[in-house]
Amino acid sequence: VTPPTLLSGLFPYAVLTGLATTEAISAFIRTRAFYLQTGYPPLTLPPSSSSSSPTSGIKADSVGKCKQTLEMSGTSLFAAGLRGPGLLLLTLALPMAVESALRKVRPRTVVVWLPPPPPPPPPPP
């Protein structure tokens, strides 16, 4: 019987369970927000590099993008047999997954800038 190592013991399962739990919580938060939203029209934001699309009210922040990249890369390496590097990337993604879920429950204020109205036309002579 060989003694368990870091890659064959409970550590990989703890990391994967932590990631799966935070992703499930995040999905629950998004689904709940979708079904509990009021009848307001969708928010239109000016185009920027920080949003998924010009009309999206959901801001894609760098924490979420980095978390998703680490999860995808780590899962790919882990499944391809490179368990050490894959587990390292998945472990690095765990605190980002928790922060991403926490950002979804924190209240935030959206400021919409409206341009000033045009000046009135000059009076006729």
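Because the structure is predicted, anything quoted here is derived from the model rather than measured. (Residues numbered from 1 in each chain as written. Predicted model: local features only at pLDDT ≥ 70, side-chain atom pairs only at ≥ 80, totals over all residues. Heavy atoms only, no water.)

Draft legend 1. Focus on the overall build of the protein chain. Within the protein chain one finds 3 helices and 0 strands. Secondary structure elements of the protein chain, listed N to C terminal, follow the sequence α-α-α. Here the protein chain, with 125 residues, has 19% of them falling under the buried criterion. A separation threshold of at least 6 residues defines the contact pool for the protein chain, and within that pool the share at least 24 residues apart is 59%. Counting every atom, the protein chain has about 9600 Å² of accessible surface; 71% of that belongs to carbon and sulfur. (Helix = DSSP H or I, 4+ residues; strand = E, 2+ residues; numbered from the N terminus. Buried < 20%, exposed > 50% of the residue type's maximum accessible area, 1.4 Å probe, protein only. Contact = heavy atoms within 4.5 Å. Areas by Shrake-Rupley, 256 points an atom, 1.4 Å probe, with all protein chains shown as cover.)

Draft legend 2. Here's a closer look at helix α2 (residues 62-79). With 18 residues, α2 extends 25 Å from end C-alpha to end C-alpha; this agrees with the ideal 26 Å at 1.5 Å per step. All buried positions along α2 are accounted for by V63, G64, K67, L70, E71, G74 and F78. Buried residues of α2, seen end-on, are gathered within an arc of 130° and therefore sit on one face of the element. In this fold, the buried residues of α2 make contact with α1 (11-36) and α3 (83-105). In the stretch just after α2, G81 is the one whose phi turns positive, near 100°. (Expected span 1.5 Å × (residues − 1). Arc of directions from axis to C-beta.)

Draft legend 3. Just the side chain of E71, in detail. Following the sequence through the fold, E71 ends up in helix α2. Overall, the relative accessible area of 14% leaves E71 in the buried class. The residues touching E71, leaving out its near neighbours within four places in the chain, are L19, E23, L90, A93 and A97.

Draft legend 4. Structural context of the nonpolar core. Listed in full, the 8 residues of the largest apolar core are V15, L19, L70, F78, L87, L90, A93 and A97. Elements supplying a minimum of two residues to this core: α1, α2 and α3. Dropping the residues within four chain positions of it, A97 is found in contact with L19, T22, E23, K67 and E71. (Core = buried A, V, L, I, M, F, W, Y, C linked by side-chain atoms within 4.5 Å.)

Draft legend 5. Structural view of the confidence of the model for the protein chain. Residues of the protein chain with pLDDT of at least 70 account for 74%, and the chain-wide mean is 77. Confidence over residues 49-58 falls short of pLDDT 50; this stretch has 16 contacts with residues more than four positions distant or in other chains. (pLDDT = per-residue confidence, 0-100.)

Draft legend 6. Spotlight on the packing of α2 against α3. It is at 7 Å that the axes of α2 and α3 come closest, and there the two elements cross at 150°. In terms of axis orientation, α2 runs roughly antiparallel to α3. Crossing handedness for the pair α2 and α3: left-handed. Across the contact of α2 with α3, the residue classes tally to 13 nonpolar, 5 polar and 5 charged. (Axes fitted to C-alpha atoms, helices over the stretch in contact; angles between N-to-C directions. Parallel < 35°, antiparallel > 145°, perpendicular 65-115°, else oblique. Left-handed = near helix turned anticlockwise from the far one by under 90°. Nonpolar A, V, L, I, M, F, W, Y, C, P; charged D, E, K, R; others polar.)

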